[in-house]
Structure formats: C-alpha cells, structure tokens
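Residues per chain are reported as follows:
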Amino acid sequence: MNGTIRVGNLFGIPFYIHPSWFLVLGLVTWSYSSGLAAQFPQLSAGLALLLGLMTALMLFASVVAHELGHSFVAIGQGIDVKSITLFIFGGLASLEKESKTPGEAFWVAIAGPMVSLLLCGIVTAIGVTTAASGPLAAILGVLASVNLALALFNLIPGLPLDGGNILKAIVWKITGNPYKGVTFASRVGQIFGWVAILSGVVPLLLFGNAGNFWNLLVGFFLLQNAGNSAQFARVQEKLTGLTAEDAVTHDSPIVSANLTLREFADERVISGQNWHRFLVTDDDGQLVGAIAVDNLRTISTALWSETQVKEVMRPITESTTVQSDQPLLEVMQLLEQQKLSVLPVIRENGVLVGILEKAAIIQLLQNRTQPNPA
C-alpha cells in the first residue's frame, strides 16, 4: 500500500512502515547520540550511538502507542482498524469507517493525546521515583518531553490532527451535520498550515535560519491533508441519501440465460452495442452469471443456434455484487478499495437492477455540483 512495508501485526492490526520512517530514524539516532556524547564525554562513541538508537525506537514506540489509543477506542465502537503506519510525520491509524455519533468520534480522536499524556506522566514518575541520573535520566527526560509535545501538537484544532477531529466532533454535535464539522476543521487546519509555512519562510528569508525548514514541511503536510479532508467531505455530503440504485446505468448490458448464442450475437453484439461483458439473468430476473463477447470465440459458429447463453456464461459470486439500497458512498469506497470500475446491483431477492459504473458516480457528482438554471 503506497510503497509501505508490512512488518507484522499489532494486536491483530496490520502494521506498516513507510520508507521515509527509516530516514527519520537515522536522523533522530544520529542527533540524539551526538547530544548524549557531548553531554556525557565518558560515553564511548559506540555506546552513545546505541543509546541514541534505543531512544529513537522508544520515541517511535510512543507514536505507535498513540495510534493504538485511537485504534482500541475505535474497535470498542465496532470499527475495524485497517492498518497502522509509521511515516515521516509520525503515525496513522486507518479506520474502516467514521464513528456513528459525534460523541464516539470525540473519544476516538482524544484517545491518542490521552495516551501520550499518560506516557509522559509514567516516564516522569519513573525518573522521579528511581532518582535516575546520567544518561538514563537524560533519556527519560526526552521521552517525557516528546510525549508531551506529541500530545500538545496533535491537539492543535485543525485537520488532519487529532485536535481537528475533536473540533469536527464538536461542530458536528452543534450543527447535527458531520460534513460541516469536517469542512470547518479543515479550514482551521489550512490556517495553521499557512501559519507554519510563514513561520518557516520568513526567518529563512530574513535570517537564513535553516532550522525552520521543518515548519515548512509540517505546513505543507497540514495544507495538503486538510484540503483533501474538505474535498472528501464535500463528496460525502453530495452522496448522502443516494443508494446504489440511483447510479445504475440505463440500458445496462443484460441478457437472458435462455437466449441462444446466435440471438445474443444478433441482438446485442452485431446490433452495435459497445459492451464487452453482459450480465445474465434467469426467467425471474435474478442474476445468475456473466458472459463476455470473447466467450463466443470458444464455440464454433455452427453451434451458436443450438447453444444457449447459460451454457457458456461464467458464474458471479455474491461478494462481487452490491445491494440496491446500499449507500452510494459505501459503494464508491468499495470500488476504490477493490480497484473496480463496475459492479452489478441486485435487490434483496437477487433480482438484477443493472450495473453501476464508477464513471456514473462521477457524472452524478458533477450533475449535483452544477447550479440549477434559473
């Protein structure tokens, strides 16, 4: 998935690492090992490097714990967690769907920062109660401060950060509209993104301070992801209330199982229809299979008049169909996840409604976006 590397499972959740994480791991290891070597000259170069690597891994373990906080609360709400991924900006828990209520969305969002604050408190308590000193005290100090920073940074009230999801839940609760919450939190996220960019650009231009380059990266990250969230929210809102049947293609390619191949060729293929694959129904209109134009080549033309479509068709499994009353947004997500362009739409009794094409959903969105003529 997007060039990431799967390294195993965490509590049954697929765990991935983006290649950019290794760059950050190396930079953090080198940076902190250099700091330890300067602060404690008695440390050998090898030991300082080892301690730096251990510190970097514990920092990333804190990020994973943060994402597990989101994940466990989501799982408690019956939401499947598709994956946890570590990348250059931290971590990301990918959830199967949104929470059903603003209250549930709030608890999923705040769970991560709460875990980070808890870790900060635990590490601080360990340092105080054990009277740690030397390199150990320094390592505990950086772990505590980073977890505190992780919590506070993520509480910034703008998407895609946790604070943005908290703000989204609050606006959702006030307005009763989840998409207004996403739109508002996305705009706030874009504002913070521009602030971060300006805080990086201005000192860089005036003083040549390269240390603010990180602000530029964070700013662009916020801008891009907040914009994507707002765009997806607009799509969700336009699809609200629509079902799979609303996007079924008119004159879908459907043939009867009892047609002969000669009738099929004359009525559907030679007549000029441009479809390459047709859905097959029985006498009751129920979907029983599919036949492609190329399948005709497997049968001699001399046998077309005595061979029926049902003898050549291929079966279709129920997993490759969608129900006519299924929300169109879910269907769109299914098409994206399975990288499909077409799905058959059936009613609860198995009767075929027609085919649903991804292009039809896009056209439907465009039609609902265009203003009505006066």
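Scroll up to find the structure this text is about.
Keep in mind that what you see is a predicted model, and the values were worked out from it rather than measured. (Residues numbered from 1 in each chain as written. Predicted model: local features only at pLDDT ≥ 70, side-chain atom pairs only at ≥ 80, totals over all residues. Heavy atoms only, no water.)

> Can you help me understand the overall build of the protein chain in this one?
Scanning the protein chain for helices and strands turns up eleven helices and ten strands. On C-alpha atoms alone, the protein chain measures out to a radius of gyration of 28 Å, which is more than a quarter above the 21 Å that the 2.2 N^0.38 rule sets for 374 residues. Dimensions of the protein chain, computed from the C-alpha atoms along their principal axes, are close to 90 × 55 × 45 Å. Looking at the protein chain as a whole, 42% of its 374 residues qualify as buried. Accessible surface, the protein chain: about 20100 Å² in total, of which carbon and sulfur atoms supply 62%. In the protein chain, 20 positive and 25 negative side-chain charges are present, and the distance between their average locations comes to 9 Å. (Helix = DSSP H or I, 4+ residues; strand = E, 2+ residues; numbered from the N terminus. Rg over C-alpha atoms; globule rule 2.2 N^0.38 Å. Buried < 20%, exposed > 50% of the residue type's maximum accessible area, 1.4 Å probe, protein only. Areas by Shrake-Rupley, 256 points an atom, 1.4 Å probe, with all protein chains shown as cover. Lys, Arg positive; Asp, Glu negative; His and termini not counted. Charge placed at Lys NZ, Arg CZ, Asp CG, Glu CD.)

> How should the sheet that holds strand β10 (residues 352–357) be read in this particular structure?
Paired through backbone hydrogen bonds, the strands of a sheet run either parallel or antiparallel to each other. The sheet built from three strands is open, its strands ordered β8-β9-β10 with mixed pairing. Edge positions in the sheet fall to β8 (322–323) and β10, since each has one partner strand and no second. The sheet contact formed by strand β9 (residues 342–346) and β10 spans five bridges and is antiparallel. Residue Ile346 lies in a different strand from β10, and its bridge partner there is Leu352. Strands β8, β9 and β10 of the sheet are contacted by helix α10 (residues 328–337), whose axis makes an angle of about 145° with β9. (Pairing = 2+ DSSP bridges. Contact = heavy atoms within 4.5 Å. Axes fitted to C-alpha atoms, helices over the stretch in contact; angles between N-to-C directions.)

> Help me understand the packing of aromatic side chains in this model?
For any pair of aromatic rings, the description consists of the separation of the ring centres together with the inter-plane angle of the planes. All told, the structure shown has six aromatic pairs when counted by the stated rule. Note on Phe11 and Phe72: the rings are 5.3 Å apart at their centroids and 80° apart in plane angle, and the pair reads as edge-to-face. One end of the pair, Phe11, is in the loop between β1 (5–10) and β2 (13–17); the other, Phe72, is in helix α2 (residues 45–76), and 61 residues separate them in sequence. On the basis of relative accessibility, which here comes to 65%, the residue Phe11 falls in the exposed class. Phe72 gets classed as partly exposed once you look at its relative accessible area, which sits at 40%. Aromatic rings pair up to connect Trp21, Phe22 and Phe60 into one cluster. (Phe/Tyr/Trp six-rings, centres within 6.5 Å; stacked < 30°, edge-to-face > 60°.)

> I'm lost on the sheet that holds strand β4 (residues 90–95) in this one. Help?
With mixed pairing, the four strands of this open sheet are ordered in space as β1-β2-β3-β4. In this open sheet, the two strands that pair with only one neighbour each are β1 and β4. With strand direction ignored, the average angle separating the axes of adjacent strands in the sheet is 25°. As paired elements, β1 and β2 share five bridges and run antiparallel to each other. Looking across to β2, one finds that Arg6 is bridged to Tyr16. Sitting on the sheet, α2 is in contact with β1, β2, β3 (81–87) and β4, with an inclination near 165° to β3.

> How do you make sense of the environment of Glu104 when you look at a structure like this?
Note that Glu104 resides in helix α3 (residues 102–129). Along the chain, Glu104 and Ile170 lie 66 residues apart, while their C-alpha atoms are 11 Å from each other. Among residues more than four places away in sequence, those in contact with Glu104 are Gln77 and Ser99.

> Sorry, what's going on with α3 here?
The α-helix winds at 3.6 residues per turn, so residues separated by three or four positions along the chain end up facing the same way. If you check α3, its first and last C-alpha atoms are 40 Å apart, about what 28 residues at 1.5 Å a residue would give, namely 40 Å. On its buried face, α3 sits against α2, β4, α4 (134–154) and α5 (162–175). Where α3 terminates, the next one or two residues include Ala131, which has phi positive at roughly 50°. (Expected span 1.5 Å × (residues − 1).)

> Help me out: how do you make sense of the environment of Thr124 in this one?
With respect to the helices and strands, Thr124 occurs in helix α3. Between the alpha carbons of Thr124 and Val142 there is a distance of 9.9 Å; along the sequence they are 18 residues apart.

> What should I look at first to understand the pattern of salt bridges in this one?
As a working rule, side chains carrying opposite charge can pair if their charged atoms are close by. Enumeration over the complete set of coordinates arrives at three salt bridges. Among the salt bridges present, the one from Arg347 reaches Glu245, with a minimum N-O distance of 2.8 Å. Of this pair, Arg347 sits in the loop between β9 and β10 while Glu245 sits in the loop between α7 (213–239) and β5 (254–256), and the two are 102 residues apart along the sequence. Residue class for Glu245 comes out partly exposed when judged on its relative accessible area of 34%. For Arg297, the salt bridge identified is with Asp294, shortest N-O distance 3.6 Å. Classification of Arg297 as exposed rests on a relative accessible area of 71%. Under the relative-accessibility criterion, Asp294 is labelled partly exposed at 47%. (Salt bridge = Lys/Arg side-chain N within 4 Å of Asp/Glu carboxyl O.)

> Teacher, can you tell me more about the packing of α2 against α4 here?
Each pair of packed helices can be summarised by the angle the axes make with each other and by the distance between the axes. The N-to-C vectors of α2 and α4 enclose an angle of 30°; their axes lie 10 Å apart at closest approach. Here α4 runs roughly parallel to α2, going by the angle between their axes. With respect to the hand of their crossing, α2 and α4 are arranged in right-handed fashion. Contacts between α2 and α4 involve Leu51, Thr55, Met58, Leu59, Ser62, Val63 and His66 on the former and, on the latter, Pro135, Ile139, Val142, Leu143, Val146, Asn147, Leu150 and Asn154. (Parallel < 35°, antiparallel > 145°, perpendicular 65-115°, else oblique. Left-handed = near helix turned anticlockwise from the far one by under 90°.)

> Is there a simple way to think about the packing of α3 against α5 in this case?
Two elements in contact, α3 and α5, have axes whose closest approach is 8 Å; the angle formed by their N-to-C orientations is 160°. It follows that α3 is roughly antiparallel to α5 by the angle criterion. Along this stretch, α3 crosses α5, giving a crossing that reads as left-handed. Residue-level inspection shows Pro102, Ala105, Phe106, Ala109, Ile110 and Pro113 of α3 in contact with α5, the latter providing Asp162, Asn165, Ile166, Ala169, Trp172 and Lys173.

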